[in-house]
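Single-letter residue listing:
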Amino acid sequence: MSDIVRAGALLALLGGVGLGCSSESAPPASHDGPDADPCANQAPGTACTWLGTKGAEGFNGDGHPRYQTRLNQPSALVFLPDGRAWFSDFNNYLIREVTPDGKVRSVVGWTDPIFPGDGPQGPPNPAGTDGATWQLNHPTALLVAPDRSMTVVAWHNHKILNVDPSSGLVKITCGAGAGFAGDGGPAKAALFKQPNDAAYDEAGNLYIADQQNWRVRKVDTNGVITTIAGVGKFGSAGDGGPAKAAEISWAFGSNPNPSGAIAYHQGKIYLSDTEANRVRVVDLASGTIDAFAGTGEKGFGGDGGPAKSAKLSAPRTLKVGPDGDLYVADTDNGAVRAINLATGVIRTVVGTGELGLDAEEQLPATKFHLKRPFGLAFDPQGNLYVADTLNMRIVKVAK
């Protein structure tokens, strides 16, 4: 069976699992011929399709240039210290790599139509399991660990994985299955329910957004897990009080969208309260939670003013940029917003506030349409990358 047929059979088994509707066809690209790089000679301040085939979902195998590789709802991207880029190909169940020569290869996951994936095949291997044999089930987030290995949030596997970028071997860091249990004990034995994102602090502690448990959990450097925010109830109450008593608004049910995200910065956890259309902040020293951005009313507006007075629409990934601002994937607005952490002022840096897909490339970033962007990343040069999830691509915004 070919790779393309395998991927198609796999997606047929999903029964609609995905990050939203994506049935419309893509308009023709304006770059010169099928072999041209849409980001060639990119001008500062413009956006272009860096990875993916612009609206055409699917899987056409490995070994193609990044701009000729089909994706299926990419959700995250991260740059390794050696310059390689890894990304999550969410609905192809793969972690893939853009190599230094600009080609794409898969490093974790497989496209054989067996669903659901639930981990490695065969008996446990103390050295780790070959990534090509791992059944990933909707990976959502990637981050570089303090030891420069790769941490993978395997959302539908209910696990956090560690991948050695040199060997491709995979180990389970934490998560023994679906549910809620384990606080106060070893993280490897803990239960999660669709963890969607994670972040490290400067000491090496790992914070995890445990979506359907409505909690932020911490794995310390001794491997012990605790809850630092969330009472385990869907809602939005609790601002101004103890974080562990607060409600959190992340999607739930038998087949929700990935929801919620976190970022660590200078002793604080910033938290996308996705279904409440806002961002909150947890002060780790005091243990309190408070409002940070968004009024709670779904909408688009507020640029140039206080972030607390702005309107957001289902925000997800949060990243602190090289300029020290907090960048927010304002997913259902088709935009990326940035908040100055010193002044609290918000602005739009990518997107128009309307979902869409342009025929042109290298448009000014704030005139460039996105469709439900989920992930954000910065390369070592400070360029911004956006997982333009339902346009089946990753966009580069030149510094």
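Conventions and cut-offs
Residues numbered from 1 in each chain as written. Predicted model: local features only at pLDDT ≥ 70, side-chain atom pairs only at ≥ 80, totals over all residues. Heavy atoms only, no water. Helix = DSSP H or I, 4+ residues; strand = E, 2+ residues; numbered from the N terminus. Contact = heavy atoms within 4.5 Å. Areas by Shrake-Rupley, 256 points an atom, 1.4 Å probe, with all protein chains shown as cover. Salt bridge = Lys/Arg side-chain N within 4 Å of Asp/Glu carboxyl O. Buried < 20%, exposed > 50% of the residue type's maximum accessible area, 1.4 Å probe, protein only. Pairing = 2+ DSSP bridges. Axes fitted to C-alpha atoms, helices over the stretch in contact; angles between N-to-C directions. Phe/Tyr/Trp six-rings, centres within 6.5 Å; stacked < 30°, edge-to-face > 60°. Lys NZ or Arg CZ within 6 Å of the ring centre and 35° of its normal. pLDDT = per-residue confidence, 0-100.

Across its full length, the protein holds 1 helix and 26 strands. Considering only residue pairs separated by 6 or more positions, the protein has 48% of its internal contacts joining residues 24 or more positions apart. Entry remark: accessible area of the protein is about 14900 Å², with carbon and sulfur atoms responsible for 52%.

All right, on to the pattern of salt bridges then. Per the counting criterion, the structure on display carries 22 salt bridges. Taking the shortest distance from any N to any O, the salt bridge between Arg66 and Asp37 comes out at 2.6 Å. Linking Arg66 in the loop between strand 1 (46–52) and strand 2 (74–79) with Asp37 in the loop between helix 1 (3–12) and strand 1, this pair joins segments that are 29 residues apart in sequence. Among the salt bridges present, the one from Arg105 reaches Glu97, with a minimum N-O distance of 3.0 Å. The buried category is assigned to Glu97, whose relative accessible area is 2%.

With that out of the way, let us pick up the pairing of strand 25 (residues 384–388). Summarising burial for strand 25: 5 of the 5 residues are buried, a large majority. Residue alternation in strand 25 divides its side chains into two sets, Leu384, Val386 and Asp388 and Tyr385 and Ala387, and both sets are buried. Where strand 24 (residues 375–378) meets strand 25, 4 bridges bridge the pair, whose relative direction is antiparallel. Note on strand 25: the bridge partner recorded for Gly375 is Ala387. Taking the residues between adjacent antiparallel strands as the criterion, strand 24 and strand 25 are bridged by 5 residues, where Gly382 takes a positive phi near 90°. Pairing between strand 25 and strand 26 (residues 393–397): 5 bridges, direction antiparallel. Note on strand 26: the bridge partner recorded for Leu384 is Val397. If you look at the hairpin formed by strand 25 and strand 26, you'll find 4 residues sitting between the two strands, and Met392 has a positive phi there, around 60°.

This brings us to the sheet that holds strand 22 (residues 346–351). In spatial order, the strands read 19-20-21-22; together these 4 strands make up an open sheet with antiparallel pairing. The sheet is open, and its two borders are formed by strand 19 (315–320) and strand 22, each paired with just one other strand. Averaged over all adjacent pairs, the angle separating strand axes in this sheet is 25°, with direction ignored. Relative to strand 21 (residues 335–339), strand 20 (residues 326–330) runs antiparallel, the two sharing 5 bridges. Pairing of Ala329 across the sheet is with Val336, part of strand 21.

To continue, consider the packing of aromatic side chains. Tallying each qualifying case throughout the model produces 10 aromatic pairs. Pairing Trp50 with Phe79 gives two aromatic rings, centres 6.3 Å apart and planes at 50°, and the pair type is tilted. Of this pair, Trp50 sits in strand 1 while Phe79 sits in strand 2; the two residues are 29 residues apart in sequence, bridging distant segments of the chain. With a relative accessible area of 10%, Trp50 lands in the buried category. Chaining the aromatic ring pairs together yields one cluster made of Trp50, Phe79 and Tyr385. Taking NZ or CZ as reference, Arg215 lies 3.8 Å from the ring centre of Phe180, over its face.

Below, the discussion takes up the pairing of strand 10 (residues 169–174). Judged from the 2 bridges that link them, strand 6 (residues 129–130) and strand 10 form a sheet pairing that is antiparallel. Each residue of the ladder has a partner; that of Thr129, found in strand 10, is Val170. As paired elements, strand 9 (residues 159–163) and strand 10 share 4 bridges and run antiparallel to each other. Across the sheet, Asn162 pairs through a bridge with Lys171, a residue of strand 10. Between strand 9 and strand 10, which follow one another and run antiparallel, lie 5 residues, and Gly168 among them has a positive phi close to 80°.

Now for the confidence of the model for the protein. Keep in mind that low pLDDT regions are not for reading the predicted coordinates in detail. Taken as a whole, the protein shows an average pLDDT of 91; of its residues, 88% reach a score of 70 or greater. Note that pLDDT drops below 50 for residues 1–16; the model gives that stretch 26 contacts with residues more than four away or on any other chain. In this model, residues 21–32 is a region of pLDDT below 50 whose contacts with residues beyond four sequence positions or in other chains number 22 contacts.

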